[in-house]
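The primary structure of each chain is shown beneath.
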Amino acid sequence: MDEKKNDESKSSIPSRVETAKKGKKKSPAKKIIHWTVGLLVILILFFCFLGYRFVQSSLKPLDAASNQTIEVKVPIGSTNKQIGGILQKKHVIRSGFVFNYYVKSKRLGAFKAGYYDFKPSMSLDEIANQLQKGGSSTPINSGKVLVREGVTIDEIGDVIQKNTKFKKQDFLNLMKNQQFLNKLKQKYPELLSSAIGAKNVRYQLEGYLYPATYAVDKDESLEQLVEEMVQKENQELKPYYSKMKAEHLSVQQALTLASLVEGEGITQNSKYMIAGIFENRLEKNMKLQTDVAVTYALGKHKQNISYKDLEINSPYNLYKNNGIGPGPCNNPPVDAVKAVLYPKDRSEGYLYFVANMKTGKIYYSKTYSQHQQNVEKVQKDNGYKN
């Protein structure tokens, strides 16, 4: 009996050992967790390595061997992050994120808006230094159209053809494109309501292309360029619309007078004086008799106007027609408009003037006989012989 018990106890020992061994084995779930954690650690280390490599490469020039120049526009108010995004989009740098990190770590900033020429071969430090110095206020790699004070649409066409990809004839055709003109009128009604649809005018936008320098981007259309000029005109005249209404002048009338004043005046003070004389003559129903309008009617510049020229049959000929004419004879600056709205010395009653183009002096008179004496004096001073 005792031996049987001993045998049973002996036989039970291995089973307990086997059970203990079985308890030490890892479950499949734990194995999966351990493999997953290990794999994640490896992946994290791998991506950290890749990130480090990417940051290090992004700190270097995008293409050290490149000689390509890329124009970049940095708008006013751009943050460092936005500038980085622009540079990345333009393929100047590899990463806008790294650029933002770099300038923050280096405590760089105070970047200025403008147009810049960057190269992919430039380092981030070189780019940042250039951004701190500032760029150009106008596009660098573009044509520039200078609209001088007192020039005509025809003359603007010459400048456009010379300095841009556009043809003069295409520009002149656009000046008579009624669909385009109506579109501008809808966008700038206060400026153009009295101009679009005006009768007997050569160009409805004559007088409305503001004198300034316009940069023409390579992707800009001719329509966009013209609208930029019109927009500038609207911007300059906006402070004076209420004064025009108070003086019972349409924008077309104000600019027409301003174009005559601009063509006749030499100094700003003389423009105010001549504007006053024109007002005095209009009040007395006298013809303005200005050579500026006759020259425009002729369609060409002439140093001296002949008696035959004065006979030209044109609504712009103010030797034959009363009033101010159908529209502007050139594109005047805002100073000429101010002279029309605030004419000088009207109380003096001057009705005539003649300019000595050699000296720049202008002689004013109240009577025709005084005017004739002044004309003779100017002719004598300029060596003119009858």
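- An unreviewed UniProt entry annotates the protein as Endolytic murein transglycosylase originating from Candidatus Ligilactobacillus excrementigallinarum.
- Taken verbatim from the UniProt record of the protein, the Catalytic activity (unreviewed entry) comment is "a peptidoglycan chain = a peptidoglycan chain with N-acetyl-1,6-anhydromuramyl-[peptide] at the reducing end + a peptidoglycan chain with N-acetylglucosamine at the non-reducing end."
- UniProt annotates the protein under Subcellular location (unreviewed entry) with the comment "Cell membrane".

### Describing the overall build of the protein
Thinking step 1. Helix and strand counts for the protein come out as 16 helices and 6 strands.
Thinking step 2. Per-residue burial over the protein gives 40% buried out of 386 residues.

### A look at empty space enclosed by the protein
Thinking step 1. Under the definition given, this model contains 1 cavity of 30 Å³ or more.
Thinking step 2. Within this model, the largest cavity holds a volume of roughly 30 Å³.
Thinking step 3. Together, Met-273, Gly-276, Ile-277, Asn-280, Lys-344, Asp-345 and Tyr-350 line the largest cavity.
Thinking step 4. Tallied by class, residues from the lining of the largest cavity come to 3 nonpolar, 2 polar and 2 charged.

### Looking at the UniProt feature "site: Important for catalytic activity" (unreviewed entry) in the protein
Thinking step 1. Listed under "site: Important for catalytic activity" (unreviewed entry) in the UniProt record, and renumbered for this structure, are Glu-264.
Thinking step 2. By secondary structure assignment, the location of Glu-264 is in helix 12 (residues 251–264).
Thinking step 3. With a relative accessible area of 17%, Glu-264 lands in the buried category.

### Brief notes about the packing of aromatic side chains
Thinking step 1. Scanning the model with the defined rule gives 6 aromatic pairs in all.
Thinking step 2. Ring geometry for Tyr-116 against Phe-118: centres 5.3 Å apart, planes inclined by 5°, an arrangement best described as stacked.
Thinking step 3. Of the residues examined, Tyr-116 reaches a relative accessible area of 1% and is grouped as buried.
Thinking step 4. Between the aromatic rings of Tyr-296 and Tyr-316, the centroid separation amounts to 4.8 Å while the plane-to-plane angle is 65°, which identifies the pairing as edge-to-face. Of this pair, Tyr-296 sits in helix 14 (residues 291–298) while Tyr-316 sits in the loop between helix 14 and helix 15 (334–341), and the two are 20 residues apart along the sequence. With respect to class, Tyr-296 is no different from Tyr-316; both count as buried.

### Quick look at the side chain of Glu-233
Thinking step 1. Mapped onto the secondary structure, Glu-233 falls in helix 10 (residues 222–237).
Thinking step 2. Although buried, Glu-233 forms no salt bridge, and the nearest oppositely charged side chain, Lys-232, lies 9.6 Å from it.
Thinking step 3. When residues no more than four places from it in sequence are discounted, the contact partners of Glu-233 are Leu-191, Gly-207, Tyr-208, Leu-209, Tyr-210 and Leu-255.

### Regarding the pairing of strand 3 (residues 143–146)
Thinking step 1. Side chains Gly-143 and Val-145 project from strand 3 onto a buried face, and the interleaved Lys-144 and Leu-146 project onto a face without burial.
Thinking step 2. Summarising the sheet, strand 3 and strand 4 (residues 213–216) pair through 4 bridges and their orientation is antiparallel. Directly across from Gly-143, in strand 4, lies its bridge partner Val-216.

### A word on helix 3 (residues 80–89)
One turn of the α-helix equals 3.6 residues, which is why residues spaced by three or four share an orientation.
Thinking step 1. Among the residues of helix 3, Ile-83, Gly-84 and Leu-87 are the ones counted as buried. Buried residues of helix 3 fall within an arc of 100° about the axis and therefore sit on the same side. When the buried face of helix 3 is taken as reference, the exposed residues oriented beyond 90 degrees from it are Lys-81 and Lys-89.
Thinking step 2. Those residues of helix 3 hidden inside the fold are in contact with strand 1 (70–74), helix 4 (96–105), strand 2 (114–118) and helix 5 (124–133).
Thinking step 3. Two residues or fewer after helix 3 comes His-91, characterised by a positive phi angle close to 65°.

### Side note on the pattern of salt bridges
Thinking step 1. This structure, assessed with the given rule, holds 7 salt bridges.
Thinking step 2. In this structure, Lys-271 and Glu-262 form a salt bridge, with 2.7 Å as the shortest nitrogen-oxygen distance. The two residues Lys-271 and Glu-262 agree in class, both being buried.
Thinking step 3. One salt-bridge network, in which partners are shared between bridges, spans Asp-154, Asp-158 and Lys-168.

### Quick look at helix 10
Thinking step 1. Between its first and last C-alpha, helix 10 extends 23 Å over 16 residues, near the 22 Å set by a 1.5 Å rise per residue.
Thinking step 2. When helix 10 is considered as a whole, its buried residues turn out to be Leu-222, Leu-225, Val-226, Glu-227, Met-229, Val-230, Glu-233, Asn-234 and Leu-237.

### Some words on a nonpolar patch on the surface
Thinking step 1. A contiguous nonpolar surface patch, about 370 Å² in accessible area, is contributed by Ile-33, Val-37, Val-41 and Leu-45.
Thinking step 2. By the secondary structure assignment, Leu-45 is in helix 2 (residues 28–58).

Scoring rules and cut-offs
- Residues numbered from 1 in each chain as written.
- Predicted model: local features only at pLDDT ≥ 70, side-chain atom pairs only at ≥ 80, totals over all residues.
- Heavy atoms only, no water.
- UniProt positions renumbered as here; feature names shortened; annotations may be inferred.
- Helix = DSSP H or I, 4+ residues; strand = E, 2+ residues; numbered from the N terminus.
- Buried < 20%, exposed > 50% of the residue type's maximum accessible area, 1.4 Å probe, protein only.
- 1 Å grid on protein atoms, 1.4 Å probe; cavity = no way out; pocket = protein on both sides within 12 Å on 5 of 7 lines; lining within 4 Å.
- Points joined across faces, edges and corners; volume = space filled by probe spheres on them.
- Nonpolar A, V, L, I, M, F, W, Y, C, P; charged D, E, K, R; others polar.
- Phe/Tyr/Trp six-rings, centres within 6.5 Å; stacked < 30°, edge-to-face > 60°.
- Lys, Arg positive; Asp, Glu negative; His and termini not counted.
- Salt bridge = Lys/Arg side-chain N within 4 Å of Asp/Glu carboxyl O.
- Contact = heavy atoms within 4.5 Å.
- Pairing = 2+ DSSP bridges.
- Arc of directions from axis to C-beta.
- Expected span 1.5 Å × (residues − 1).
- Patch = residues over 30% accessible without salt bridge, like charges linked within 9 Å, V, L, I, M, F, W, Y side chains within 5 Å.
- Areas by Shrake-Rupley, 256 points an atom, 1.4 Å probe, with all protein chains shown as cover.

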